[in-house]
Every structure is written in C-alpha cells, then in structure tokens.
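Take a look at the letters that make up each chain.
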Amino acid sequence: MERENKMGTMPVGKLIINMSLPMVISMLVQALYNVVDSVFVSRISEQALTAVSLAFPAQNLMIGVATGTGVGVNALLSRALGEKNRGRVSKVAENGVFLALVGYALFLVFGLFGSRVFMASQTQVSEIIEMGTEYLTVCCGLSFGIFGEIMFERLMQSTGRTFYTMITQGVGAIFNIIFDPIFIFTLDMGVTGAALATVLGQIVAFVLAIVLNHKHNPDVRLSAKGFRPDLRMIGEIYAIGVPSIIMVCIGSVMTFLMNKILILYTAGKETAATVFGVYFKLNSFIFMPIFGLNNGIIPIVAYNYGAKNRARMVQAVKIAAVIACSVMFVGMLLFLTIPGTLLSLFDASEMMLAIGEPALRIISTSFTFAGVCIVLGSIFQALGHSVYSMIVSFIRQLVVLVPCAYLLARWGLSIGNNDLVWLSYPIAEVFSLAVTLILFTKLYRNVIMEVPLHGEENEPANF
C-alpha cells in the first residue's frame, strides 16, 4: 500500500516533514485562534480575560480527555497497520468513536452542574464567577464538536493522511476567528459569545473531519451495524491513553493551584492570574508546532516498531529532537526580547505589563529543556509506555513546580518581589529533563534495542 511504503520506506527526514508539516501548520492556526480569541475577550474587560483564564483548567481537561483517548487510538491503529491487520484497524477506530461519545456525555454533565462551583473555588469576585460560569457551561455543554473533531482527526493521522487534519483544524479555527467579533461585539454576547464562537468552530471542524475520513481514508471503515464495545480493546486504548489523560489532569490541577497561589500570595492577585493565562495563550505559538511534530512522530515510530525497523525509529527521534530544540530556542529569544509587545496584544494595563514582562522572560528560559522532554514523551506514547510521560509530568508539575511556586510566592510577598514565583518554571524543567532522560535510557535499553535493524545499513541504529 502507498501509505505503508511511505511510513516504512520514505527517507526519515523527508517523512517527518511530510507527516508533521500539515499538523504543524494546523497547530499554528490553532495557536493563532487561541491568541485572537483572547484578544477579543480582553477588549471586553480585564475581568473577562481573567474569567476565561480561570476557566482554562477545566476546558483544558476536557480537551485532554479527548486527545488522550485519541493518543491510544492513534498508537494502536498505526501499529495494526504496520502489522497489516485490517480487521483490527476498523475495530480500534469504532471503539475510539464510541469513547469520544462517552467523553462528551461526561463533560456535558460537568458543564451543566459543575461550572459555577469550579469558578467560585478560585475567586470571590462575583463578576468573574458569572462570566466564567457562562463560558464553561457553553464550552462543555456543546463539546461534542471537539470530541468528534479530535477523534476523526486521529483516525486520519494514524494512517499517514495528516494533510487532511491540517484542513479540518485550520477551517475550524478560521471559522472561530470569524465568529468571535460577530458573537462578542455585533450580537453583544460578551464571553458567552466567545464560547459560542469556540464550539461552533469545533462543530464545523468535526463535520468536515467526518466527510474527509469517508472520502479520503480508505484504510479505516466505520460501521455502526452490530457494533458492541470491546472492553478488552478499550482497555488497550486506555492503557496508552490514560497516562496522557492523567498528564492533562495534572496540568489542569497545576494551573488551578497556580491561579490560587497567584491570587492569594502575590501583590498582583487576579492580574497575576491573568498574566499566567495570557502566558499560556502566547506560548501556544511555540509549543503547538512541537505538538504537531509529535503527532507526526507517534505514527512513524509506532509503525516502524510494528514493522520491526529500529534504524528508522532511532533516526526519527534524533531528527525530531533537533527540530524541537531549534523551535524552542527561537521562542525563548522572542519572549526574552519583546515581552511587552506580546502582552500589549491583550490590551495590557500598566500593572499587567509590570507583572508580565519579567514573567515571560523568566519562564522562557525553560523552553529548550521542554523541547527535548516533549519529543521523548511522544516516543513513550508511541511504544506503549505512556506511563513514563505521566511520571515525568507528575514530578514536574505537582512535585516540583507547584511547591516551588508556593514557597517562592510567599517569600516574594514578604520581601516585595513578585518575580520570584516565576523561577519555579525553569527549576521544574531541569528536574523534568533529568527524569525524562533516565526513563528514555531505560526504554531504549529494554525495548528499542530489542527491535531488529531490519537491514537499514545506511541509517544510524543507536544514539
């Protein structure tokens, strides 16, 4: 098959570009949407921007459940393709779509009954609570779009058809950007309008992903006739996907706790939490391309693992690491040199600039370390060892980052230095890199070295 020939025989460097570039482009469009969406919200008021920032952990968790499930489906489906097991391919895909529906049902309930409680647990400012509740209720209540979009995109990624995922994500983000000013300002719906613009863009992408899968993805054929959930296969999907979901849960808990720390123990209070939220929007321009690279690397490594070709696996990891570190280095330079310009996009007040400029500079020093960790984390996922990524994420964010932030914030408050809290990021990233390298060395010795060279004499087979 042409797809098999591509992932099994195309020169690795060219293959990575071929597989990843469409997703990198789509991720950049997504990053653009993230920033533009918040820029529009910031024009409502700083409190509106704060409300959306405080809603982020719950929204991120929802997306994490969808993407984590997709990671499991992606890895299993790509491996089945490498093994030429077509029956298993379809079975994995059908169970993946079923799990996307289950995920939506869970967040529908949360959106309707848990949004206000979640917002009230972070701040006592009534206006922020009201706006955040409205935003989360809409985003979670109509989240079938994001769950469906992500699952059907993963089906295309798993078979090497990443070009179509660029189309779906790009079109969804563009519609979102178009809808934002219409719903927020023309229809005067405020943050509720921002939420509606978000979910409508996701629904457009979902519908388009279904159409593209049906027309251009012959390796995956879905049928609801006679379908029954396969508990064993669901277990296999989540054996890979749950660690990824837990990683996002850890990230959401970290963001929630960081918001609490910033509001309680810094002079900036809600403004400091707003800066933290804006940082996540801005860093998406740096991190999203790396995540796009990862989405291209996972099926390549999984496929060649199934095809028992160690040389191509090793070369893919090396090339991806170099690309990731290069992108992260450029991002660090931007954050170090023009933080004020970046913050001004969000109509930043003087206090927001005073807090945000040193924050962006300090946090960005951790970017290059993060690039290596992200790429190696994708290898853990591709080879069915996602638990390693979960361990790294847990240590980085909850064992090191949050405690350091708490101690540094309290110390900074006592001596009148709000900048100390941001040092928690580079400290945590150093620990993260050390743990990642230790776990990757173990995986390399116990798993990768057991894979045959498969006769690839001209490609390096070791690190």
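This section reports on the structure supplied with the text. Quantities reported herein were computed from a predicted structural model and do not represent experimental measurements.

### As for the environment of Pro243
Point 1. Inspection of the secondary structure puts Pro243 in helix H10 (residues 231–265).
Point 2. Residue class for Pro243 comes out buried when judged on its relative accessible area of 7%.
Point 3. Spatially, the C-alpha atoms of Pro243 and Met258 are 22 Å apart, while their sequence positions differ by 15 residues.
Point 4. Setting aside residues no more than four positions away along its own chain, Pro243 makes contact with Tyr238, Ser386, Val387 and Met390.

### Some details on helix H8 (residues 162–186)
Point 1. Between its first and last C-alpha, H8 extends 36 Å over 25 residues, near the 36 Å set by a 1.5 Å rise per residue.
Point 2. The principal kink in H8, of about 30 degrees, is found at Phe179, preceding the proline Pro181 by one to four residues.
Point 3. Backbone geometry just after H8 places Asp188 at a positive phi near 55 degrees.

### Digging into a nonpolar patch on the surface
Point 1. There is a patch of nonpolar side chains on the surface, built from Ile174, Ile178, Ile182 and Leu187 and spanning about 340 Å² of accessible area.
Point 2. In this fold, Ile174 is placed in helix H8.
Point 3. Residue classification places Ile174 among the partly exposed positions, given a relative accessible area of 46%.

### Some thoughts on the packing of helix H12 (residues 310–337) against helix H15 (residues 367–382)
Point 1. Relative to each other, H12 and H15 sit at 150 degrees, their axes nearing to 8 Å. Judged on the interaxial angle alone, H15 and H12 are roughly antiparallel. For the pair H12 and H15, the sense of crossing is right-handed. Counting all contacts with H12, which are made through Val317, Ala320, Ala321, Ala324, Cys325, Met328, Phe329, Gly331, Met332 and Phe335, the residues of H15 involved are Phe367, Thr368, Ala370, Gly371, Val372, Ile374, Val375, Leu376 and Ile379.

### Digging into the side chain of Thr436
Point 1. With respect to the helices and strands, Thr436 occurs in helix H17 (residues 424–446).
Point 2. In this structure, Thr436 is in contact with Cys373, Leu376, Phe380 and Val392, ignoring residues within four places of it in sequence.

Conventions and cut-offs
- Residues numbered from 1 in each chain as written.
- Predicted model: local features only at pLDDT ≥ 70, side-chain atom pairs only at ≥ 80, totals over all residues.
- Heavy atoms only, no water.
- Helix = DSSP H or I, 4+ residues; strand = E, 2+ residues; numbered from the N terminus.
- Buried < 20%, exposed > 50% of the residue type's maximum accessible area, 1.4 Å probe, protein only.
- Contact = heavy atoms within 4.5 Å.
- Expected span 1.5 Å × (residues − 1).
- Bend = angle between axes of the 7 residues up to and from the residue.
- Patch = residues over 30% accessible without salt bridge, like charges linked within 9 Å, V, L, I, M, F, W, Y side chains within 5 Å.
- Areas by Shrake-Rupley, 256 points an atom, 1.4 Å probe, with all protein chains shown as cover.
- Salt bridge = Lys/Arg side-chain N within 4 Å of Asp/Glu carboxyl O.
- Axes fitted to C-alpha atoms, helices over the stretch in contact; angles between N-to-C directions.
- Parallel < 35°, antiparallel > 145°, perpendicular 65-115°, else oblique.
- Left-handed = near helix turned anticlockwise from the far one by under 90°.

So, to be careful, I would describe these as geometric facts and stop short of saying anything about function.
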